[in-house]
Amino acid sequence: MIYWHIFLAFFIPGIVGYGGGPATIPLIENEVVDRYGWMSTADYSQLLALANALPGPIATKLAGVIGFQQAGVLGAAIGLFATVAPSLILMIGLLSLLAKFKDSPRVKRMTAYIRPTIAVLLAGMAISFFHASYESAGWLHTIILVAASYLLLERWKVHPAFVISGALVYGAVLLG
C-alpha cells in the first residue's frame, strides 16, 4: 500500500500543478505533510531548501528523497516515475491537440488566471515556513536569516545555493 501512496502523493500534484516546480511544491507539501504525515512542515522546508540548492527539477528531487525515506530504492523510483508521468502522458497523448490550440485566446486567459493562484499558494507556503521557523528557532534567528538572505540575494546578488548553504550552516552551528 505504501507504494500506491507514494505514487499518488507525487502523481496528483503533477497533474494539478500546472506550471511546473513552483506550482507543485505546496501541493507536494500538502500530500507528504498533511495527508500522509510522512514529515513535519519543518522537515519539509529543510528538504526543500536542500533540494533547491541542487541542480535539476525540484519535484523529482523531492520525490526521490521522500520515496526513498518511505520505501527505499523502489519507493524512490515510484516517486520519480509518478512525478514525470503526468507530463509524459500529456506529451505523448495530447501533443497534436496542444499544438492546435496554443494560440487560442481562451488558453492564454487560462494561463493568466492560473499565475495569481500559484503566487497565493507560494505565499501561503512561505507563511507556513516562517511559522515553523519561529516555532523551532525563535523570532531572532528567523529575522536574522530573512534579513541576511534578502541582503545576499537582492543587494549583493549571491547565488541562491550559497545563501541556502549558509543558512544550513547557520542552523547547524547555532541551533543544532
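This text goes with the structure placed above it.
Procedures and definitions
- Residue positions are given per chain, counting from 1 as you read along its sequence in written order.
- The model is predicted, so local features are restricted to residues of pLDDT at least 70 and side-chain atom pairs to those at 80 or more, both for listing and for counting; the totals for chains, interfaces and linings are taken over all residues.
- Working from all heavy atoms in the structure, the side-chain values ignore hydrogens and water.
- Under the scheme used here, helices are H or I runs from DSSP no shorter than 4 residues and strands are E runs no shorter than 2 residues, and both carry numbers assigned from the N terminus.
- In this scheme, a residue with accessible area under 20% of its type's maximum is buried, one over 50% is exposed, and one in between is partly exposed, where area comes from a 1.4 Å probe on protein chains only.
- Axes here refer to lines fitted to C-alpha atoms; in helices the fit is confined to the stretch in contact. Angles between the N-to-C directions go from 0 to 180 degrees.
- Oblique is the label for any angle not covered by the other classes, which are roughly parallel (under 35 degrees), roughly antiparallel (over 145) and roughly perpendicular (65 to 115).
- By convention, the crossing between two helices is left-handed when the near helix turns anticlockwise from the far helix through less than a right angle, and right-handed when the turn is clockwise.
- By definition, residues are in contact when any of their heavy atoms lie within 4.5 Å.
- The sign given to each residue is positive for Lys and Arg and negative for Asp and Glu; His and the chain ends receive no count.
- By convention in these notes, a salt bridge is any Lys or Arg side-chain nitrogen within 4 Å of a carboxyl oxygen on Asp or Glu.
- Given a helix with a known number of residues, its expected span is that number minus one, times 1.5 Å.
- N or O atoms closer than or at 3.5 Å make up a polar contact, with two conditions inside protein: a donor-capable atom paired with an acceptor-capable one, and, for residues adjacent in sequence, both atoms drawn from side chains.

**Structural notes on the overall build of the protein**
Helices and strands together make up the secondary structure of the protein, namely 7 helices and 0 strands. Along the protein, from the amino end to the carboxyl end, the secondary structure elements read α-α-α-α-α-α-α. The dimensions of the protein, computed from C-alpha atoms along their principal axes, are 55 × 40 × 25 Å. Here the protein, with 176 residues, has 32% of them falling under the buried criterion.

**So, the packing of helix α2 (residues 21-35) against helix α5 (residues 105-137)**
It is at 9 Å that the axes of α2 and α5 come closest, and there the two elements cross at 50°. In terms of axis orientation, α2 runs oblique to α5. Between α2 and α5 lies a crossing whose hand is left-handed. In contact with Pro22, Ala23, Ile25, Pro26 and Glu29 of α2, α5 contributes Ile118, Leu121, Leu122, Met125, Ser128 and Phe129.

**Side note on the side chain of Glu29**
In this fold, Glu29 is placed in helix α2. Although buried, Glu29 forms no salt bridge, and the nearest oppositely charged side chain, Arg35, lies 14 Å from it. Glu29 has contacts with Asp34, Thr41, Tyr44, Met125, Ser128 and Phe129, leaving out every residue within four places of it along the chain.

**Regarding helix α1 (residues 2-16)**
Note that an α-helix has 3.6 residues per turn; residues three or four places apart therefore point the same way. For α1, which comprises 15 residues, the first-to-last C-alpha distance of 22 Å matches the rise-based estimate of 21 Å (1.5 Å per residue) to within 8%. Those residues of α1 not exposed but buried are Ile6, Phe7, Leu8, Ala9, Phe10, Phe11 and Pro13.

**Focus: α5**
Along its 33 residues, α5 runs 48 Å from first to last C-alpha, staying within 8% of the 48 Å computed at 1.5 Å per residue. Considered for burial, the residues of α5 that qualify are Thr111, Ile118, Met125, Phe129, Ala132, Ser133 and Ala137. Where the residues of α5 are buried, they touch α2, α3 (41-53), α6 (139-155) and α7 (160-175). Capping the start of α5, Ser104 holds a side-chain oxygen 3.2 Å from the backbone nitrogen of Arg106, two or three residues further along. One or two positions beyond α5, positive phi appears at Gly138, with a value near 95°.

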